[in-house]
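Listed below are the residues making up each chain.
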Amino acid sequence: MSNYVESFGQLWGPLLVLGQIALFTLVLLLSIAFLLLLDRKVWAGVMMRKGPNVVGPFGLLQSFADFGKFLIKEIVIPAGANKTVFIMAPILTCTLAFASWAAIPVAPGTTSGTSWVISNLNVGILYLFAISSLGVYGIIMGGWASNSKYPFLGALRSAAQMVSYEVSIGFVIVTVILLVGSMNLTDIVNNQDGGFWNWHAFSFQNFPLIIVMFPMFVIFFISALAETNRPPFDLPEAESELVAGYQVEYGSTPYLLFMLGEYLNIVLMCAMMTILFLGGWHGPIPLGEDFVRDHPFLNAFAGLFWFMFKILFFFFLFAMVKAIVPRYRYDQLMRLGWKVFLPTSLVAVLIVAGYVAYMGVQS
Amino acid sequence: MAVYAFYLIALVVLVSALSVIMARNPVHSVLWLILAFFSSAGLLVLIGAEFLAMLLVVVYVGAVAVLFLFVVMMLDVDFVELKQGTLRYWPFAVLVGVIFAAEIVLATVFGTTTNASTFDASPGAATNTEAIGKVMYTQYLLLFQMAGIILLVAMIGAIVLTLRHRPETKRQNIAKQTSRRRSDAVELKDPTPGQGI
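This one's a predicted model, so the numbers in the text were calculated from it and none came from an experiment. (Residues numbered from 1 in each chain as written. Chains lettered and ligands numbered in written order. Predicted model: local features only at pLDDT ≥ 70, side-chain atom pairs only at ≥ 80, totals over all residues. Heavy atoms only, no water.)

(A) Representation of the overall build of chain B in the model. Of the regular secondary structure elements, chain B holds nine helices and zero strands. Reading the secondary structure of chain B in the N-to-C direction produces α-α-α-α-α-α-α-α-α. The C-alpha atoms of chain B give a radius of gyration of 28 Å, which is well past the 16 Å a tight globule of 197 residues would have. Considered along the principal axes of its C-alpha atoms, chain B spans approximately 100 × 55 × 35 Å. The burial tally for chain B puts 18% of its 197 residues in the buried class. Excluding contacts between residues fewer than 6 apart, the proportion of contacts in chain B whose partners are at least 24 apart in sequence is 53%. Of the roughly 15600 Å² of accessible surface on chain B, a fraction of 70% belongs to carbon and sulfur atoms. If you average the places of the 13 positive and of the 11 negative side-chain charges in chain B, the two averages end up 10 Å apart. (Helix = DSSP H or I, 4+ residues; strand = E, 2+ residues; numbered from the N terminus. Rg over C-alpha atoms; globule rule 2.2 N^0.38 Å. Buried < 20%, exposed > 50% of the residue type's maximum accessible area, 1.4 Å probe, protein only. Contact = heavy atoms within 4.5 Å. Areas by Shrake-Rupley, 256 points an atom, 1.4 Å probe, with all protein chains shown as cover. Lys, Arg positive; Asp, Glu negative; His and termini not counted. Charge placed at Lys NZ, Arg CZ, Asp CG, Glu CD.)

(B) Inspection of the nonpolar core at higher detail. Residues and elements named next belong to chain A. Core analysis: the largest hydrophobic core is formed by 119 residues, its most contacted members being Trp 101, Ile 125, Tyr 137, Phe 220 and Phe 277. A total of 17 residues in this core trace back to one element, the largest contributor, which is helix H9 (residues 252-277). The residues touching Trp 101, leaving out its near neighbours within four places in the chain, are Phe 24, Leu 28, Leu 264, Val 267, Leu 268, Ala 271 and Ile 311. (Core = buried A, V, L, I, M, F, W, Y, C linked by side-chain atoms within 4.5 Å.)

(C) Focus on the UniProt feature "transmembrane region" (unreviewed entry) in chain A. Mapped onto this numbering, the UniProt entry annotates "transmembrane region" (unreviewed entry) at residues 12-38, 85-104, 124-146, 167-186, 206-226, 263-281, 301-324 and 336-358 of chain A. Counting secondary structure, residues 167-186 of chain A comes out at 80% helix and 0% strand; the distance between its end C-alpha atoms is 24 Å. (UniProt positions renumbered as here; feature names shortened; annotations may be inferred.)

(D) Highlighting H9(A). Over its 26 residues, H9(A) extends 37 Å from the first C-alpha to the last, a length consistent with the 38 Å expected when each residue adds 1.5 Å. Within two residues after H9(A), Gly279(A) carries a phi angle of roughly 75 degrees, on the positive side. (Expected span 1.5 Å × (residues − 1).)

(E) Broad picture of the interface of chain A and chain B. Opposite the 26 residues of chain A that make contact, chain B presents 24 residues. Summing both sides of the interface, chain A and chain B together bury roughly 2200 Å²; the carbon and sulfur share of this comes to 79%. The interface formed by chain A and chain B contains zero salt bridges. Counting residues per element, the side of chain A that touches chain B draws most heavily on helix H5 (residues 124-145) of chain A, which supplies 11 residues. In the side of chain A that touches chain B, the residues fall into 18 nonpolar, four polar and four charged. (Buried area = accessible area lost by both parts, 1.4 Å probe. Salt bridge = Lys/Arg side-chain N within 4 Å of Asp/Glu carboxyl O. Nonpolar A, V, L, I, M, F, W, Y, C, P; charged D, E, K, R; others polar.)

(F) Inspection of the packing of aromatic side chains at higher detail. Residue and element names in this part refer to chain A. Taken as a whole, this structure holds 27 aromatic pairs over all chains when the rule is applied. Measuring from ring centre to ring centre gives 5.8 Å for Phe 305 and Phe 309, while their planes differ by 25 degrees; the resulting arrangement is stacked. Taken together, the residues Phe 305 and Phe 309, both in helix H11 (residues 296-324) and four residues apart, mark about one turn of the helix. On the basis of relative accessibility, which here comes to 46%, the residue Phe 305 falls in the partly exposed class. Taking relative accessible area as the criterion, Phe 309 reaches 44% and is therefore assigned partly exposed. Taken together, the aromatic side chains of Phe 196, Trp 197, Trp 199, Phe 202, Phe 214, Phe 217, Phe 220, Phe 277, Phe 313 and Phe 314 make up a single cluster linked through ring pairs. (Phe/Tyr/Trp six-rings, centres within 6.5 Å; stacked < 30°, edge-to-face > 60°.)

(G) Broad picture of the pattern of salt bridges. All names here are of chain A. Tallied over the full model, the rule gives seven salt bridges over all chains. Salt-bridge contacts for Lys 322 lead to Asp 39; the nearest nitrogen and oxygen are separated by 3.8 Å. Highlighted residues: Lys 322 in helix H11 and Asp 39 in helix H2 (residues 12-46), separated in sequence by 283 residues. As far as the burial class goes, Lys 322 and Asp 39 line up, both buried. Residue Arg 327 pairs with Asp 234 through a salt bridge whose shortest N-O separation is 2.8 Å. Here Asp 234 lies in the loop between helix H8 (210-227) and H9 and Arg 327 lies in the loop between H11 and helix H12 (330-359), a separation of 93 residues in the sequence. Through salt bridges with shared partners, one network takes in Asp 39, Arg 230 and Lys 322.

(H) A look at the domain arrangement of chain A. Residue and element names in this part refer to chain A. Taken domain by domain, chain A consists of domain 1 (1-72) and domain 2 (78-359). Counting across the interface, domain 1 meets domain 2 through two salt bridges. On the surface where domain 1 and domain 2 come into contact, there are four residue pairs in polar contact (both at pLDDT 80 or more). For the side of domain 1 that touches domain 2, the secondary structure elements donating two or more residues are H2 and helix H3 (62-72). Counting residues per element, the side of domain 1 that touches domain 2 draws most heavily on H2, which supplies 15 residues. For the side of domain 1 that touches domain 2, the residue count by class is 15 nonpolar, two polar and one charged. (Domains from an automatic or database assignment. Polar contact = N/O pair within 3.5 Å; in protein donor to acceptor, adjacent residues only side chain to side chain.)

(I) Structural view of the packing of H5(A) against H9(A). Residues and elements named next belong to chain A. One can describe the packing of H5 onto H9 by two numbers: an axis separation of 12 Å at closest approach and a directional angle of 155 degrees. It follows that H5 is roughly antiparallel to H9 by the angle criterion. Here H5 and H9 pass one another in a crossing that is left-handed. Counted together, Ile 125, Leu 128, Gly 138 and Gly 142 of H5 and Phe 258, Leu 268, Met 272 and Leu 276 of H9 form the full contact between these two elements. (Axes fitted to C-alpha atoms, helices over the stretch in contact; angles between N-to-C directions. Parallel < 35°, antiparallel > 145°, perpendicular 65-115°, else oblique. Left-handed = near helix turned anticlockwise from the far one by under 90°.)

(J) Inspection of unusual backbone geometry at higher detail. Residue and element names in this part refer to chain A. Residue Pro 232 is reached from Pro 231 by a cis peptide bond, and omega for that bond is 5 degrees. If you trace the backbone, Pro 232 turns up in the loop between H8 and H9. The phi angle at Phe 58 is positive, at roughly 55 degrees, despite the residue not being glycine. Residue placement: Phe 58 occurs in the loop between H2 and H3. With a relative accessible area of 68%, Phe 58 lands in the exposed category. In the Ramachandran plot, Ser 252 falls in the positive-phi region, its phi being about 55 degrees despite a non-glycine side chain. One can find Ser 252 in helix H9. Of the residues examined, Ser 252 reaches a relative accessible area of 2% and is grouped as buried.

(K) Expanded view of the side chain of Glu262(A). Residue and element names in this part refer to chain A. Along the chain, Glu 262 falls in helix H9. Buried charge Glu 262 goes without a salt bridge, the closest partner of opposite sign being Arg 230 at 6.0 Å. The contact partners of Glu 262, leaving out residues within four places of it in the chain, are Thr 228, Glu 237, Tyr 246 and Gln 247.

(L) Main features of the environment of Asn53(A). Residues and elements named next belong to chain A. Residue position: Asn 53 is located in the loop between H2 and H3. In sequence terms Asn 53 and Lys 41 are 12 residues apart; their C-alpha atoms lie 9.1 Å from each other. Residues contacting Asn 53, with those up to four places away along its chain left out, are Lys 41, Phe 58 and Gly 59.

Here it is as structure tokens:
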């Protein structure tokens, strides 16, 4: 990097970053289009329906058709709505959802200890946590600015739910940080090198910790469902009981942005689970040091493949949960978050901290 | 480059801070406040204190400001009425402003400030997080723990003050609900026609 900057002048560095951002955005948007279809297909499959199958072969172009429809429709802003905030809310949701991806390392770099990432932050995991804690504003602003009872109540429900589950997500993240001794996402992934038994979900290198870490992995998965307002925790939307929660008054492009942000957040949560618990870009069987040294680029692309494959796996789980699990009641949701997950993850933090201090896992 | 970034972010902080008090709508005020917090986090990143910046976002923007927003949105206060007669408080406001300005001037003139170019955000450690952790859990351990206990007391106090046991409210007993079986709830009868049960 620094060589490039010196030889191509000062403009090259920012341009390179801009290019990376454009690439990430493009890939993310394209994958969201197909993931959305996958979501609907899985859901349909479980219900023994066919799902979208008209636009393009196997309905592959359905998302693009939907996209066109959303863009062409007229934007309706309700009377008495707070116009600026009303328009800003979906933009904010979408922007924040994209911003999180700046810190996600997607593949190993060609030299050891580096990775393919836009910004290799020292506090990467904290950055993700901070940005995802901002996501609640898009919802509150959207609900409030609509100037209508139902979006407002939906927004309050949604916000309370997201804030509650953030707490347990935070504690689960702390257990992983304690094991690694760093908040850098690349370090977290590299700590799980050498086979699937070393992934944090299984934690074979700290053997008895699997009793703690695997439940933490499950808690993180369930909290991620709640955090992204996905079924069985989709109470703000609950399309069979209520209208669409905070999005009632939204249509056309603003709605598209909300939905895009929601799906980006889901994929982000899948990526976070992959990085924190399933070894990020590491394959289940290590390729061997010789291979990594001789074919750094091949190794990077193998890493990219595994990373995407794991995200796809988690996305499939998200879709299956949506199809299979019945919706929770609101008090059950709150009880699960505050009375079950919070104490459990707190005790887990104590156990892992004690283990790390006693066994001297970190350097 | 960093200097321009500083001026840009500082400008955003100042404008949003001004807008907090200038905005007519209290919800807009809170939204501006959030922008001010967020931009201040940007300033912290610029001097290399990335851990503090993230904490500022997580704690203030992610939790405290959400509560502000909740309260302000839920309160049904007539702000036109509230604004009336604010002119009476002008002298007091000016006094407070002058005191603040004087303090800042005194601090910059007589204080031993560190130049931004020589400022070390993580003294004696590899990262910012480590540096803060080291002083917090060694030198300032007692104060840190005391702050925690004060917060705990405040939390318990708030709960005690607002908790009312109302016997007439119905409560969900989750254990009872989930341990219900079909045999507890459903009873099959075989009524003869014309007789009923």
